Amino acid sequence: MIKALEKLGTEVLDGLEMAGRTCNLLLLTLWQMLQPPYRFYPIVRQMYFIGARSISLIIISGVTIGMVLGLQFYYILARFGSVNLLGQGVALGVIRELGPVMTALMVVGRAGSAITAELGIMRTTSQIDALECMAISPGKFMVGPKVIAGILSVPLLTHIFDFVALFGGYFVGVVMFSVPEGSYMNGMVDAVQWVDVRLGLVKSLIFGLLVTLICCAQGYYMHLTKAGSQGAEGVSFVTTNAVVLSSIAVLFSDFLIGALLP
Amino acid sequence: MSKFNIQLATGIFVAVGILAFTYAAVNIGGASLRAAPGYTLTARFTSISGLRVGGVVEAAGVRVGTVSSIDFDPSTFDAVVHLRINEGIPVQEDAIASIRTQGIIGEKFVKLTPGGFDELLKDGGEITETESAVSLEELISKYIFSGNSSTPAAN
Amino acid sequence: MTSPTPSLNITGNAIEVRKLTVDYGARRILSNIDLDIPSGKVSVIMGGSGTGKSTLLRCILGLKLPTSGSIHMLGTDITTATTAQLYQLRKQTGVAFQGGALFSSMSVAENIQLALREHTNLDESTIQIMTRIKLDMVDMLHAEHLMPSELSGGMTKRAALARAIIMDPKLLFFDEPSAGLDPSTSAELDELILLLRDSLKMTIVVVTHELESAFKIADQISIMGKGIILATGTPEEIRASADPEVQGLLHRKPRETVVDTEAHLKALVGETS
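This structure is a prediction, so every number in the text was calculated from the model and none was measured. (Residues numbered from 1 in each chain as written. Chains lettered and ligands numbered in written order. Predicted model: local features only at pLDDT ≥ 70, side-chain atom pairs only at ≥ 80, totals over all residues. Heavy atoms only, no water.)

1. Section: the overall build of chain C
A count of helices and strands for chain C gives ten helices and ten strands. In terms of C-alpha radius of gyration, chain C reaches 21 Å, essentially the compact-globule figure of 19 Å for 273 residues. If one aligns the C-alpha atoms of chain C with their principal axes, the spans along those axes are about 75 × 45 × 40 Å. Residues classed as buried in chain C amount to 49% of the 273 residues present. A total of about 13500 Å² of accessible surface is found on chain C, and carbon and sulfur atoms cover 54% of it. Taken together, the 26 basic and 32 acidic charged side chains of chain C have centroids lying 5 Å from each other. (Helix = DSSP H or I, 4+ residues; strand = E, 2+ residues; numbered from the N terminus. Rg over C-alpha atoms; globule rule 2.2 N^0.38 Å. Buried < 20%, exposed > 50% of the residue type's maximum accessible area, 1.4 Å probe, protein only. Areas by Shrake-Rupley, 256 points an atom, 1.4 Å probe, with all protein chains shown as cover. Lys, Arg positive; Asp, Glu negative; His and termini not counted. Charge placed at Lys NZ, Arg CZ, Asp CG, Glu CD.)

Have a look at this one:
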């Protein structure tokens, strides 16, 4: 019993320590990014990796989610005889919630895990030490471009997701269940306000920062964790950690933003 | 992977993303870089329950404007609603602004009913004839408990 | 090497380590280390595994903060230096890590050019020429466009060395140059280290556990035991040392050969014969 409490205590302390390190990494990186010289190509490269290479995944998952949403909303609304609300339901659901969250989770799975593994391997093979010894700050060279690319890419991916998801919903509603096209489209346009689009935008910006930052921190500070000295096994451990933690961070902050912003 | 390909692919990605965002923001969200041409009117209601900023202003079922802001006047206990009316839509001085519901459980919106005067309201003018929100529960309870067969008047 | 090599550095010592103590948790890794690294010479830090020689190197490189003590490198105390001072210092040092630590996403040439691109404003053709000079020096010109994953162990070390010397550093650190290499490749690297000392007048610090190569290249050898330095001196002085631990290390005996094979096998499988 005491053992279990002790274990819980150390787990909590470890978690807090990691949170502190993550903030530390953010501030460090920000500070280092402000120092000249400025390099933009690494950011483009990371945007290619995080953003451009994720497009196919985002389109497939977006269409699927839109169709699922259209299907379920149709069945529910058909019970109340108000299928003309289908467009609004799908559009609001996608733009306010599912677009940002699903996109962020997709980025976690595709790019986030790769980021952690890359930095973790760089740590175990002393590539990060090598950068330090070449007087190149790893924060600026490795972490910064990834975080900036994340903040820029996730909102763009989110809106691509939104667009194809609305198309998926349209396909199910209008083409499959012949909901009148006018009521679908007009309901969508009338119900969605700028505040809804803005909410999605704010969410996706924050998710982009959170996901890339947490994944970078897990890999970058790998040597300070229990898994630090375990080489390949340690890398797999921190990668799993990064995926779990950043997914939780996305879902929890989604709730927080939803509660704070109308 | 050559440098050119990465930049091209990233460029395409950014362009597509911005297009999708513009679509969401302008076509669906109804945002505009500059305020849509039009003018602002105010209207006082004793109750607007459920009306939101960004809500629709309709005349004859056609969208003619939006609710730009909602204030509360503590001296009269009225709700002061600012309506952004699209350019070219005339609103007479005796036009009636009423708060209605789309369907039975839908969103609240402001309905404009044209008046008979020739005088038109200008920017900043006030619509004096207003009908507040009709509460469904109030209507029903009035109907049930009054024992009066005459239709209860709104407002 | 008895005749002093002419040195451009006036102070004589490139690095002075004083009373360096490092703890890792409750474990003491290094206790009260004093070490001088003379300028323009090859100094070898030698010791078995677990003696703390890697920790000592990490402290000197500023990658690990010691518990107490000071390390003066080229006149600056790196234990109290600001990040800016440290980075200024690091532009004058080159490090070849044990596993090479080449950036796996870049080709050999890109690895080598990185420091030039980050710290200088040289034009593309100059960078290319400098890269080729260093690659030629380590005999790696043919591997310019290979990725680190395509290199053999010896080529990785040579590429790492080329990357370490691209900025013409005053100080070069080499961690385990001969670990995991066949004798002829490791001999080539030893010659390369001597060439760098003689042609570029670099101060070179080599951390190794290989006796043979240590004695071949060293102007000064420091022998490490558990967390302390047992002896420092020229190769001749070390050979003549009376310290039993040093002598033990110098004359490592091969493990006793098993005579009774059958009995030994039985003992291994746990049978009592």
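2. Points about the interface of chain A and chain B
Taken together, the contact between chain A and chain B spans 26 residues of the former and 23 residues of the latter. When the two sides are added together, the surface that chain A and chain B hide from each other amounts to roughly 2300 Å², 75% of it contributed by carbon and sulfur. Three residues, Y41(A), Y48(A) and L156(A), lead the burial of chain A against chain B; their summed loss comes to 24% of the area buried on that side. Viewed at the interface, chain B and chain A are joined by zero residue pairs in polar contact (both at pLDDT 80 or more). (Contact = heavy atoms within 4.5 Å. Buried area = accessible area lost by both parts, 1.4 Å probe. Polar contact = N/O pair within 3.5 Å; in protein donor to acceptor, adjacent residues only side chain to side chain.)

3. Regarding the nonpolar core
Counting 151 residues, the largest nonpolar core has I15(C), L20(C), I33(C), V44(C), L56(C) and F173(C) as the members making the most contacts within it. It is helix 4 (residues 86–124) of chain A that provides the largest number of residues to this core, a total of 15 residues. Counting 22 residues, the second-largest nonpolar core is a separate cluster that includes V64(B), A97(B), I99(B) and A133(B). (Core = buried A, V, L, I, M, F, W, Y, C linked by side-chain atoms within 4.5 Å.)

4. Notes on the arrangement of the chains
If you rank the two pairs of chains in contact by how many contacts each has, first place goes to chains A and B. Looking at chain B next to chain C, you find no contact at all, with the nearest C-alpha pair sitting 12 Å apart.

5. Some details on the pairing of strand 9 (residues 220–225) of chain C
Residue and element names in this part refer to chain C. With six of six residues buried, strand 9 is to be regarded as a mostly interior element. The two faces of strand 9 match: Q220, S222 and M224 on one face and I221, I223 and G225 on the other face are all buried. Two elements, strand 3 (residues 42–47) and strand 9, share five bridges in a ladder whose sense is parallel. Bridging across to strand 9, I45 finds its partner in S222. Relative to strand 10 (residues 228–233), strand 9 runs antiparallel, the two sharing five bridges. (Pairing = 2+ DSSP bridges.)

6. Notes on unusual backbone geometry
Excluding glycine, a negative phi dihedral is what most residues carry, and trans is how most peptide bonds are arranged. All names here are of chain C. Here the phi dihedral of K19 falls at roughly 50 degrees; this positive angle occurs in a residue that is not glycine. With respect to the helices and strands, K19 occurs in strand 1 (residues 13–24). For K19, a relative accessible area of 53% corresponds to the exposed category. Its identity is not glycine, yet A101 carries a phi of approximately 50 degrees, on the positive side. Tracing the backbone shows A101 in the loop between strand 6 (93–96) and helix 3 (108–119). On the accessibility criterion, A101 (4% relative accessible area) is buried.

7. Describing the sheet that holds strand 7 (residues 171–175) of chain C
Residues and elements named next belong to chain C. The six strands lie next to each other as 6-7-8-3-9-10, forming an open sheet whose pairing is mixed. Single-partner strands in this sheet number two, and they are strand 6 and strand 10. For this sheet the average axis-to-axis angle between neighbouring strands, irrespective of direction, equals 15 degrees. Packing of helix 5 (residues 153–164) onto the sheet brings it into contact with strand 6 and strand 7, and relative to strand 6 it is tilted by some 170 degrees. (Axes fitted to C-alpha atoms, helices over the stretch in contact; angles between N-to-C directions.)

8. Remarks on the environment of R239(C)
Its location among the elements puts R239(C) in helix 8 (residues 235–239). Residues contacting R239(C), with those up to four places away along its chain left out, are F215(C), Q247(C) and L250(C).

9. As for the sheet that holds strand 5 (residues 76–77) of chain C
Residues and elements named next belong to chain C. The sheet built from four strands is open, its strands ordered 2-1-4-5 with antiparallel pairing. Strand pairing shows two members of the sheet lacking a second neighbour, strand 2 (27–38) and strand 5, which therefore form its edges. Pairing of strand 4 (residues 68–73) with strand 5 involves two bridges; the strand directions are antiparallel. When the sheet's bridge partners are listed, M73 is paired in strand 5 with T76. In the packing of helix 1 (residues 53–60) onto the sheet, contacts are made with strand 1, strand 2 and strand 4, and the angle to strand 1 comes to roughly 120 degrees.

10. A short note on the side chain of T42(B)
When you line up the elements, T42(B) lands in strand 1 (residues 38–45). Relative accessible area serves as the criterion here: at 15%, T42(B) is assigned to the buried category.

Function cannot be inferred from these measures alone, as they are strictly geometric.
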